[in-house]
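Here is how the chains run, residue by residue.
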Amino acid sequence: EAGVAQSPRYKIIEKRQSVAFWCNPISGHATLYWYQQILGQGPKLLIQFQNNGVVDDSQLPKDRFSAERLKGVDSTLKIQPAKLEDSAVYLCASSPGSLVGEQFFGPGTRLTVL
Amino acid sequence: GENVEQHPSTLSVQEGDSAVIKCTYSDSASNYFPWYKQELGKRPQLIIDIRSNVGEKKDQRIAVTLNKTAKHFSLHITETQPEDSAVYFCAASREGGNKLTFGTGTQLKVEL
């Protein structure tokens, strides 16, 4: 089966600019996650969707980050405006449901904010 | 919320030796503990997981042990090979959302 797809793979922007990331989960997976992985650290959950509803966004900096999952399939994560500390790899993952179990990760988008 | 601590941050072993990575968690309601391997520039991939109703699980050269009372779990890799070199992350989750809290990672280097 096809894995989780993400684009772009790399993005370089100036601070205060905007950026958007796209994720296409594994077909049929109801749950989608966005993680931020800063260099040298473990992934940190930003937001979790169950179908097209938000399950957890407690760690999402809502003043600058937003995410949506239209029609319960693809998702986009946006940062506006970007800060230097947003430089990280943004990982998308999906799982069949919300019960505990394996999450399948995409290749990630490496964001550099100058 | 959940807090997961992981040690050591770096681990260097000779090929053929064993490697052990340890994690502790804070939320006694956590009941799912996966281990992910992340090679440089690649995505994290699940290598083994354990649920709270089991004390130990083994898959070929990899094993995980869980001590619920002490709230810690460990990854054991035997007969290490150069391809085991990677960053390993432990994580914890509880029923009701599959929200994973990751440890800070262990850079494992297997030397020839």
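Preceding block: the structure.
Residues numbered from 1 in each chain as written. Chains lettered and ligands numbered in written order. Predicted model: local features only at pLDDT ≥ 70, side-chain atom pairs only at ≥ 80, totals over all residues. Heavy atoms only, no water.

### Topic: the interface of chain B and chain A
Buried accessible area, meaning the area lost when the parts come together, often serves as the stated size of an interface.
Step number 1: Facing 20 residues of chain B, the contacting portion of chain A comprises 25 residues.
Step number 2: Across the chain B/chain A interface, buried area totals approximately 1,700 Å², and carbon plus sulfur atoms make up 50% of it.
Step number 3: When the buried area of chain B at its contact with chain A is split by residue, B:Arg43, B:Asn98 and B:Lys99 rank highest and sum to 33% of it.
Step number 4: Put simply, chain B and chain A have 1 salt bridge between them.
Step number 5: Notably, a salt bridge pairs B:Lys99 with A:Asp56, separated by 3.4 Å at the nearest N-O pair. (Contact = heavy atoms within 4.5 Å. Buried area = accessible area lost by both parts, 1.4 Å probe. Salt bridge = Lys/Arg side-chain N within 4 Å of Asp/Glu carboxyl O.)

### Some points on unusual backbone geometry
Step number 1: Residue A:Gln80 is joined to A:Pro81 through a cis peptide bond whose omega torsion reads -5°.
Step number 2: In this fold, A:Pro81 is placed in the loop between β8 (75–79) and β9 (88–95).
Step number 3: The amide bond that connects B:His7 to the next residue, B:Pro8, takes the cis arrangement and shows omega of -5°.
Step number 4: Topologically, B:Pro8 is positioned in the loop between β1 (4–7) and β2 (10–14).
Step number 5: Its identity as a non-glycine residue notwithstanding, A:Lys71 has a phi of 60°, on the positive side.
Step number 6: Along the chain, A:Lys71 falls in the loop between β7 (65–68) and β8. (Helix = DSSP H or I, 4+ residues; strand = E, 2+ residues; numbered from the N terminus.)

### A look at the packing of aromatic side chains
Step number 1: Counting across every chain of the model gives 13 aromatic pairs over all chains.
Step number 2: Here A:Phe65 and A:Tyr90 contribute two aromatic rings whose centre-to-centre distance is 6.4 Å and whose plane-to-plane angle is 40°, an arrangement assigned as tilted. Here A:Tyr90 lies in strand β9 and A:Phe65 lies in strand β7, a separation of 25 residues in the sequence. Of the two residues, A:Phe65 and A:Tyr90, both sit in the buried class.
Step number 3: Counting every residue linked through ring pairs, the aromatic cluster contains A:Tyr33, A:Tyr35, A:Phe105, B:Tyr36, B:Phe89 and B:Phe102. (Phe/Tyr/Trp six-rings, centres within 6.5 Å; stacked < 30°, edge-to-face > 60°. Buried < 20%, exposed > 50% of the residue type's maximum accessible area, 1.4 Å probe, protein only.)

### Brief notes about the sheet that holds strand β6 (residues 56–59) of chain B
All names here are of chain B.
Step number 1: In space, the 5 strands of this open sheet follow the order β1-β3-β8-β7-β6, with antiparallel pairing throughout. With one partner strand each, in any of the chains shown, β1 and β6 form the two edges of the open sheet. The average angle at which neighbouring strand axes cross in this sheet is 15°, direction not considered. (Pairing = 2+ DSSP bridges. Axes fitted to C-alpha atoms, helices over the stretch in contact; angles between N-to-C directions.)

From the geometry alone we can't say anything about function, so treat these as descriptive.
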